[in-house]
Amino acid sequence: MDTAVLTPLTARRGGPLQGRARVPGDKSISHRALILGALTVGESTVAGLLEGEDVLHTAQAMRALGARLERGTDGIWRIHGVGVGGFTSPAGPLDFGNSGTGVRLAIGAVAGAPVTAAFDGDASLRKRPMRRVLDPLERMGARVIEQAEGGRLPLTLQGARDPMPIVYESPVPSAQLKSAVLLAGLAAPGETTVIEAEATRDHTERMLKHFGAKIVSKPHGERGRRITLQGQPELEPANVVVPADPSSAAFPLVAALIVPGSDLMLEAVMTNPLRTGLYTTLREMGAKIESLATRDDGGEEVADLRVTASALKGVEVPAARAPSMIDEYPVLAVAAAFAEGTTRMRGLQELRVKESDRLAATADMLRANGVEVAIEGDDMIVTGKPAVAGGAEVLTHMDHRIAMSALVLGLASEQPVRIDDSAFIATSFPGFVELMRGLGADLA
Ligand code: S3P
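Residues numbered from 1 in each chain as written. Predicted model: local features only at pLDDT ≥ 70, side-chain atom pairs only at ≥ 80, totals over all residues. Heavy atoms only, no water.

### A word on helix α1 (residues 27-38)
Residue pairs three or four apart in sequence face the same way in an α-helix, which turns once every 3.6 residues. What counts, and what does not: Runs of H or I in DSSP of at least four residues are treated as helices and runs of E of at least two as strands, each being numbered from the N terminus. For a helix, the expected span equals 1.5 Å multiplied by the residue count minus one. Buried, partly exposed and exposed residues are distinguished by accessible area as a fraction of the type maximum, computed with a 1.4 Å probe on protein chains only: under 20%, between the cut-offs, and over 50%, respectively. We call two N or O atoms a polar contact when they sit within 3.5 Å, provided that within protein one can donate a hydrogen and the other can accept it, with sequence-adjacent residues counted only if both atoms are side-chain atoms.
With 12 residues, α1 should cover 16 Å at 1.5 Å per step; its first-to-last C-alpha distance of 17 Å lies within 8% of that length. Most of α1 is tucked away: 12 of the 12 residues are buried. Every buried residue of α1 is accounted for by K27, S28, I29, S30, H31, R32, A33, L34, I35, L36, G37 and A38. For α1, the N-terminal cap is D26; the gap from its side-chain oxygen to the backbone nitrogen of S28 is 3.2 Å.

### Describing the site of the ligand
Quick reminder of the rule: Summary of the distance rule: residues count as near a molecule or strand when at least one heavy atom falls within 4 Å of that molecule or strand. The Shrake-Rupley method, run with a 1.4 Å probe sphere, supplies the accessible areas, and residue values consider only the shown protein chains as cover. Only protein atoms enter the 1 Å grid used here, on which a cavity is any set of points holding a 1.4 Å probe that cannot leave and a pocket is any open set flanked by protein within 12 Å on both sides along at least five of seven lines; residues with an atom within 4 Å of a point are listed as lining. By definition, a pocket or cavity contains a molecule when more than half of the molecule's atoms lie within 2 Å of the pocket's grid points.
Close to the ligand lie K27, S28, R32, T101, P173, S174, A175, Q176, R201, I326, D327 and K354, which account for all nearby residues. Take R32: an N or O atom from its side chain is 2.6 Å from an oxygen atom of the ligand. Protein burial of the ligand: of its 380 Å² of free accessible surface, 96% is covered by the chains. Most atoms of the ligand, that is more than half of them, are within 2 Å of grid points of the largest pocket. Per-element tally for the shell around the ligand: the top contributor is α1, with three residues.

### Quick word on the layout of surface pockets
Going by this rule: Grid points are joined across faces, edges and corners, and a volume is the space filled by probe spheres set on the points. Just so you know the grouping, Ala, Val, Leu, Ile, Met, Phe, Trp, Tyr, Cys and Pro go in nonpolar, Asp, Glu, Lys and Arg go in charged, and all remaining residues, Gly too, go in polar.
Reported here for the largest pocket is a volume of approximately 450 Å³. As for the largest pocket, its lining consists of 31 residues, of which P173, S174, R201, I326 and K354 are closest to the centre. In the lining of the largest pocket, the residues fall into eight nonpolar, nine polar and 14 charged. In this structure, the second largest pocket occupies an estimated 310 Å³ of space. Considering only residue class, the lining of the second largest pocket consists of 13 nonpolar, one polar and four charged.

### Observations concerning the environment of E328
Condition: Note on definitions: a residue-residue contact is assigned when non-hydrogen atoms from the two residues lie within 4.5 Å.
When you line up the elements, E328 lands in the loop between β18 (316-317) and α10 (329-337). With a relative accessible area of 3%, E328 lands in the buried category. In this structure, the C-alpha to C-alpha distance between E328 and Y279, residues 49 residues apart in sequence, is 9.7 Å. In contact with E328, other than residues within four places in its own chain, are S247, A250, R275 and L278.

### A few points about the packing of aromatic side chains
Quick note on the threshold: Any two rings among Phe, Tyr and Trp, with Trp reduced to its six-membered ring, count as a pair given centres within 6.5 Å; such a pair is stacked if its planes are under 30 degrees apart, edge-to-face if over 60, and tilted if neither.
Taken as a whole and assessed by the stated rule, the structure comprises three aromatic pairs. With a centroid separation of 6.1 Å and 20° between ring planes, the pair formed by F96 and F119 is classed as stacked. A residue pair is termed long-range when its members are at least 10 positions apart, and F96 in the loop between β6 (94-95) and α3 (100-111) and F119 in strand β7 (residues 116-120) qualify at 23 residues. There is no split in this pair, since F96 and F119 are both buried.

### Considerations on the pairing of strand β4 (residues 68-71)
As a reminder, the rule being used: What makes two strands pair is DSSP finding at least two bridges between them.
Alignment of β4 against strand β5 (residues 77-81), held across four bridges, turns out to be antiparallel. In the strand pairing of β5, R71 is matched with W77. Counting the residues in the hairpin turn of β4 and β5 gives five residues, including G75, whose phi is positive at 85°.

### Focus: the nonpolar core
Going by this rule: By convention a nonpolar core is built from buried Ala, Val, Leu, Ile, Met, Phe, Trp, Tyr and Cys residues, the set being connected through side-chain atoms within 4.5 Å.
Counting residues in each nonpolar core, the largest one holds 78 residues, and the members touching the most others are L253, L282, Y329, M345, L366, V382 and F432. Considering every element that reaches this core, the biggest residue donor is helix α8 (residues 246-258), with nine residues. Apart from the residues lying within four places of it in its own chain, the contact partners of Y329 are V317, R321, A322, M345, L348 and L351.

The quantities given are spatial measurements derived from coordinates; they are silent on function.
This is the structure in structure tokens:
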């Protein structure tokens, strides 16, 4: 992405948001569908793929590793995979742009193949920690040949010729880390086990099952899981239907809650319980969100969500809920700014290592626009007011979710809110501006 030219955008308060919309496909599931398709011999298909820049980088990387991926004129992606351990060494570095999920999952998949690959990304991704995935993968036999300081990108990895299964107790609640180990474990003989103290999104486990792998997930402790994968499975090509991304739906949803008179229907939003912490929290705050037509769509639960403008009140959000809403804190903080009373969000340490330091960026965004915010240790405390001043320009730090959260804030604040750069929205939510305008939002 060309970061030299910034594309600012301004959100202004206007009439209510109304109508129906379907946000693009889930980002987590989209990455996984492409990678598992690439690891499976035969033709797999993906319908509803998120065609955002993050996922397109993963598609390009899978091609560079030897898989064939084509988008049909019908919008269906067809993947001819090379099989577990079947990657070929790419000719040049694999560029993952802004995407932590893409690069960490691909590092895991490459770690189990006898190839050497270089991984890189944009300035934001180059700041993010990769050691967390490299540590277990080295134990499985992969070798890091080159890396930037602190185990960061750019790095070069030599996959294991004979990968070893491990039992890995994850030190951080990270679905990317869990997934990297499981993807490497596909190529190892015997059982690879990941133990997580806090259950994180389980799309990799579900999709591995969908592609025919033997994988068992059992409760571990109070809130954790013990996941065991049988290595070297005969993966079967599969058809994947990608539901709408609840993390993207969060933006029009919070906008509808805080813009008076709004009434929206968001269609076919994935409601996997490991992704819906935001919805639980907003309901506790008094949000009117109705789940309609709940159904199963390709192994994931989905629902149409009807949202109407609501009077919100502050709540305490427990740390234990963080893994199920880790990407949603910036927009929850915006909702909290309009709520009566104080919202305390606990245990946000992982927010510091996202596309930006999201804890700092969220607090800065709100403060610049007249909202009272405190950070105490790993907690963020927002004191809400019925009227938020707005009027500031927000620095988005190459972070799509900060950009969209700030625009949502501007739809309900007294003065317009401008963001310095809207370009990164396309990493996860292509068509965001058009979709929001279609619902009545004033973005220009
Ligand atoms: C993701 C996991 C989360 C999340 C990211 C997507 C995934 O990251 O923030 O947007 O698809 O596995 P962590 O694993 O770092 O928590």
